[in-house]
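Report on the structure
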Amino acid sequence: MSRRWLAILGGLSAAAALGLAGLATSQAPLPAHPSSAVTPVGFLTQPIADNAPNADQLRRGQYLVRAGDCVSCHMRDGGEPLAGGLGLRTPFGVIYSPNITSDRDTGIGTWTADQFHRAMHDGLDDQGENLYPAFPYPWFRKASRADDDAIFAYLHTTPPVHYTPPSNRLPFPLNIRFIVKGWNLLFLKSTDFAPDPGQSAEWNRGAYLVDGLGHCGGCHTPKNLFGADKSGKVFHGGTLDNWVAPDLTGNHHTGLGDWTADDIAEFLKTGRNAHAGAGGSMADVITYSTSLLSDQDRHAMAVYIKAQAASLDVRTGAPDADVMARGAAIYSDACASCHLENGVGQPRPFPPLGHNAMLQQSDPTGLLHLILAGSRIGTSPSRPSPLTMPSFAWKLTDQQTADVATYVRNSWGNQASTVWASSVRKLRHRLDLDTLRYTENSGDQR
Ligand code: HEC
Ligand code: HEC
Ligand code: HEC
């Protein structure tokens, strides 16, 4: 392969990392901005007056902004919903979400409906420049023109917020937007959404939401070297932001084989059910998106997900007995107070750990992240109190963390590979937890 071609490929794979696969939020210091009186969820559910001539279209647009989880990305800590400024950290630099309020100078107040549709469908901004796939247009392009128009009409009624996010911090050549054209050519699927006449109306509605605005595959489908979906592996589970978005297929071991459609719908509504709790990046999806959808739509999404064929079941050998004994002692000491002996938990407040898909993923990163850094279940209107799992980074050594992880991955019906101390050490470093860090409910000062 020629040097030049290699350079282009290198650039492309780096561009790929700018997609969802490399997405992480940055806590870079940002200029303080007064936050508005309404909470983000209050904003997303604010009633729309009947006297607007297109009130129905506006209501639909507001609903679709929830379905697309726009607020999770287009809102920085303490900032107004949709005003942007959240830094999405990729291995190559930081991309800031733009202001998409109706402000004419700093938002999208001067955009036309055609320009907006082109952004959602083709990933181009109002000047025709390419947007990076950190903006989920590869999924959003399945939304219909009528739905894009409704979102656009709604966004135009949002209060203008005058705010310019910081400039992206990307090295050459990734700061050249043109490079994304190559990615689009190779990986952007040209197919618009087409209902499958062989399936029920409910299944088709679920497919439209899950594969379109919901962009669930953005996190739950593993990515190739270029950050595009691995073919034949839809919903087999992906790693991003040092979390694992688990397998959503019918696999009984790593996937949702043991969950009913109602279980999935309950999880999307409340962030918890008899099997699991939603932490990591799923917490925001619950809070700003799925908990604010209708029961019918959540059920439709569940029906579509439930219909996904199981991924291949990979079995691993039993771990070392010494490791299991050490892990059991740490579990009794550190974990059993909430998850109880035998990992039965207290379903909904404290997830049961037996037959738990999340902790049997082949990649233990999500489990280790949770143990090291702690996590919080996303709040929802029906379950408003945040439940927090404390951080153990300050309490357990790398070896102890690895041992307790191996233990829970291989107890009470679970089976998964042994976790090594070296993996814990690397993750601790990536999470910048080498220095002590405390979670709010650990009872210690930050
Ligand atoms: C996963 C994070 C994420 C989600 C979810 C998301 N966006 Fe974005 N969006 C971004 C990022 C990052 C950019 C900037 C990309 C760039 O700079 O190339 C962007 C860019 C845009 C732009 C282009 C604005 C401009 O000034 O160029 C529009 C319009 C937009 N998003 C609308 C939406 C809408 C509407 C939704 C919900 C339906 C949404 N986004 C959901 C991350 C997200
Ligand atoms: C103070 C109570 C408490 C203690 C102690 C605790 N946890 Fe948790 N744990 C929680 C809560 C609350 C959640 C739900 C939060 C979430 O999923 O983000 C949770 C979630 C989990 C999950 C995710 C389950 C799922 O389905 O998403 C795992 C795995 C887990 N804990 C393992 C452990 C291990 C291992 C220990 C000991 C090292 C431990 N926990 C100690 C409260 C606790
Ligand atoms: C921003 C990334 C992201 C997006 C987008 C996302 N998820 Fe998740 N999801 C995760 C992560 C990370 C977890 C693991 C949470 C944990 O460890 O507690 C998860 C967990 C889940 C689980 C529980 C799996 C289990 O075995 O415990 C379900 C079900 C789920 N997601 C469904 C969805 C659906 C449906 C969508 C689309 C509406 C979606 N997710 C979109 C990141 C994401």
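Residues numbered from 1 in each chain as written. Chains lettered and ligands numbered in written order. Predicted model: local features only at pLDDT ≥ 70, side-chain atom pairs only at ≥ 80, totals over all residues.

**Regarding the overall build of the protein chain**
- In terms of regular secondary structure, the protein chain is built from 18 helices and 7 strands.
- Every one of the 446 residues in the protein chain was classed for burial, and the buried ones make up 47%.
- The long-range share in the protein chain, meaning contacts at least 24 apart out of those at least 6 apart in sequence, stands at 69%. (Helix = DSSP H or I, 4+ residues; strand = E, 2+ residues; numbered from the N terminus. Buried ≥ 20, exposed ≤ 12 C-beta atoms within 10 Å, placed from the backbone. Contact = placed C-beta atoms within 7 Å.)

**Looking at the packing of helix α5 (residues 113-122) against helix α7 (residues 145-157)**
- Close contact between α5 and α7 brings their axes to 9 Å; oriented N to C, the two are set at 115°. The handedness of the crossing between α5 and α7 is right-handed. Side by side, α5 and α7 meet where Ala113, Phe116, His117 and Met120 of the first sit next to Arg145, Asp148, Asp149 and Phe152 of the second.
- Looking at the contact of α5 with α7 residue by residue, the class counts come to 4 nonpolar, 1 polar and 3 charged. (Axes fitted to C-alpha atoms, helices over the stretch in contact; angles between N-to-C directions. Left-handed = near helix turned anticlockwise from the far one by under 90°. Nonpolar A, V, L, I, M, F, W, Y, C, P; charged D, E, K, R; others polar.)

**A short note on the site of ligand 2**
- The environment of ligand 2 is made up of 27 residues, and the closest members are Ala276, Gly277, Gly279, Cys335 and Cys338.
- Grouping the amino acids of the shell around ligand 2 by side-chain chemistry returns 19 nonpolar, 7 polar and 1 charged. (Near = placed C-beta within 6 Å.)

**What to know about the environment of Gly280**
- Within the fold, Gly280 resides in the loop between α11 (261-270) and α12 (282-288).
- On the basis of neighbour count, Gly280 is assigned to the buried category, with 22 C-beta atoms found within 10 Å.
- Separated by 97 residues in the primary sequence, Gly280 and Ile377 have C-alpha atoms spaced 8.0 Å apart.
- Sequence-distant contacts of Gly280, that is, excluding residues within four places in its chain, are made with Trp243, Gly366, His369 and Ser375.

**Focus on the site of ligand 3**
- Looking at ligand 3, there are 28 residues lining it, with Cys216, Cys219, Gly279, Met282 and Ala357 nearest.
- Contributions of two or more residues to the shell around ligand 3 are made by α10 (217-220), β5 (243-245), α11, α12 and α13 (295-306).
- For the shell around ligand 3, the per-class residue count stands at 18 nonpolar, 10 polar and no charged.

**Here's the deal with the packing of helix α16 (residues 365-373) against helix α17 (residues 398-409)**
- Following both chains from N to C, one finds α16 and α17 inclined at 125°, their axes separated by 10 Å at the closest point. The angle between the axes of α16 and α17 places the two elements in the oblique class. Relative to α17, α16 is oriented so that their crossing is right-handed. Judged by residue contacts, Leu367, Leu368, Ile371 and Leu372 of α16 engage Thr401, Val404 and Ala405 from α17.
- Residues of the contact of α16 with α17, tallied by class, amount to 6 nonpolar, 1 polar and no charged. (Parallel < 35°, antiparallel > 145°, perpendicular 65-115°, else oblique.)

**Section: α5**
- Every buried residue of α5 is accounted for by Phe116, His117, Ala119 and Met120. One face of α5 carries all of its buried residues, which in axial projection span an arc of 155°.
- Among the structural elements, α6 (137-140) and α7 are those in contact with the buried residues of α5.
- Just downstream of α5 lies Gly123, where phi reads positive at about 70°. (Arc of directions from axis to C-beta.)

**Focus on the nonpolar core**
- Counting 94 residues, the largest nonpolar core has Ile264, Met301, Ile305, Leu368, Ile371, Val404 and Ala405 as the members making the most contacts within it.
- Viewed by domain, this core spans two of them, domain 1 (38-169) and domain 2 (316-430), each represented by three or more residues.
- Excluding residues that lie within four positions of it along the chain, Ala405 makes contacts with Pro364, Leu367, Leu368, Ile371 and Val419.
- Listed in part, the 5 residues of the second largest apolar core include Cys219, Leu240, Trp243 and Val244. (Core = buried A, V, L, I, M, F, W, Y, C linked by C-beta atoms within 7 Å. Domains from an automatic or database assignment.)

**Observations concerning the confidence of the model for the protein chain**
- On average, residues of the protein chain score 88 in pLDDT, and 88% of them reach the 70 mark or higher.
- Considering only residues more than four positions removed or in separate chains, one finds that residues 26-35, a stretch of pLDDT under 50, has 14 contacts.
- Every residue in residues 436-446 is under pLDDT 50, and counting partners more than four places away or in other chains gives 18 contacts. (pLDDT = per-residue confidence, 0-100.)

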